Amino acid sequence: MFASILSAFSYVLLSYLLYSSVFKSRSYPKMAIYGSAGIGLLFHALSLYHLFFTPTGQNFALFNVVALVSFICIVLLTVSHIKNDASALLFIVVPIGVISLFSAQLVSSNQPIHSHILGWPLVHIITAVTAYSLFSLAALQAVLMNVLDNRLRKNPSHISPLLPPVQTMDNFLFQLISTGFILLTVALTSASIYSIELIKSQPLHKLVLSIGSWLVFLALLVGRHRFGWRGKTAVRWTLWGVSLLVLGYLGSKLALEFLIKNY
C-alpha cells in the first residue's frame, strides 16, 4: 500500500503537468513529465510485484490484472510521448492507473493462486495482457478522436494547439490496433498449442467473444488497407472489437471471482 501511495502522488503530479499542457497550453520541461512518470511507474511496478507474487503463489485476480494493464498502458504512452505527443491520452490513463492500483489493494476475490507458470502458459498470459493493454489504449484513442472531431466541427477554437494533428492521432490508433492484433493472434495460438484442456476449461462465451473480436480487428485492418477506412468508421469498428474483448475476458473474470461465489 505504501508503494501505491507513492505511485499515486507521482501520478497526481504527472496529471497536473499533462492537464496544464493539454488544456491550458502551458509548456513544461519534458524531464518534469518523464521524471514524474518514471517515479510513478517505479512504485507502480513494486506494488504489482507484491500483488502478483504472494507467499503461496502467483495471484492473477481481476483487479491485479487491471492494475497490470494500466501499468503497461502508462509505459507505452510515456515511450510514445517521446516520438508522438500522447499527452491527452496519457492524461486519461494515469487516473485509471491510480484507481486500479488502490482497487487491487483493497478488493479481494476467490481467484485461485498458481504455484508457478512457465512455458506456453506464460507466453499466453504475457501476450494476452499486452494485447488487452494496446486495445484499451486504442479504444480510448478512438473515443478521444471522436470527441475532437465533433469539437472541430462545432468550435475549433476550443481545441488546444498542443494536441497532435488528427492524421497523427489516426496513425497512432492503427499502430496500436496492428500491434495488438499481432499479440492477440499469438495469445490465441499459444493457448491452442499449450493444451486443448486449457481451452476447454475456459467459459465458451470467452472463447467465442475473443475470436469474434479477432475477426472484427482483422476486418478493420483489411478495410484500412484496401478501402482507407478512417475517422468515424475506424472508431466504430475499434469500439466493437474492444467491447467483445472486454466482455469475453473481464466479464468472465468478474463473474467467476465475484458473482458465482455468492451462489
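Fair warning: this is a prediction, and the values are worked out from it, not measured in the lab.

### Examining the packing of aromatic side chains
Across all of its chains, the model carries 8 aromatic pairs by this definition. On the numbers, 5.9 Å between centres and 40° between planes, the contact of Tyr19 with Phe91 is tilted. Separated by 72 residues along the polypeptide, Tyr19 in helix α1 (residues 2–23) and Phe91 in helix α4 (residues 87–106) bring together distant segments of the chain. Judged by its relative accessible area of 22%, Phe91 is partly exposed. An angle of 35° between the planes, with centres 5.2 Å apart, marks the rings of Trp229 and Trp237 as tilted. For Trp237, a relative accessible area of 22% gives the class partly exposed. Three or more aromatic residues link up through ring pairs in this structure, and these residues are Phe227, Trp229, Trp237 and Trp240.

### So, the layout of surface pockets
In this model, the second largest pocket occupies a volume close to 390 Å³. What lines the second largest pocket is a set of 18 residues, and nearest its centre among them are Val69, Tyr132, Ser136, Val246 and Leu250. Of all the secondary structure elements, the ones that give two or more residues to the lining of the second largest pocket are α3 (62–83), α4, α5 (120–154) and α9 (231–259). Per-element accounting of the lining of the second largest pocket gives the leading share, 6 residues, to α5. Across the lining of the second largest pocket, the residue classes break down as 16 nonpolar, 2 polar and no charged.

### Observations concerning the side chain of Arg224
In this structure, Arg224 sits in helix α8 (residues 204–227). With a relative accessible area of 19%, Arg224 lands in the buried category. At a separation of 3.4 Å, a polar atom in the side chain of Arg224 contacts the side chain of Asn171. Aside from chain neighbours lying at most four places away, what touches Arg224 is Asp170, Asn171, Phe174, Trp229 and Arg230.

Rules and cut-offs
Residues numbered from 1 in each chain as written. Predicted model: local features only at pLDDT ≥ 70, side-chain atom pairs only at ≥ 80, totals over all residues. Heavy atoms only, no water. Phe/Tyr/Trp six-rings, centres within 6.5 Å; stacked < 30°, edge-to-face > 60°. Helix = DSSP H or I, 4+ residues; strand = E, 2+ residues; numbered from the N terminus. Buried < 20%, exposed > 50% of the residue type's maximum accessible area, 1.4 Å probe, protein only. 1 Å grid on protein atoms, 1.4 Å probe; cavity = no way out; pocket = protein on both sides within 12 Å on 5 of 7 lines; lining within 4 Å. Points joined across faces, edges and corners; volume = space filled by probe spheres on them. Nonpolar A, V, L, I, M, F, W, Y, C, P; charged D, E, K, R; others polar. Polar contact = N/O pair within 3.5 Å; in protein donor to acceptor, adjacent residues only side chain to side chain. Contact = heavy atoms within 4.5 Å.

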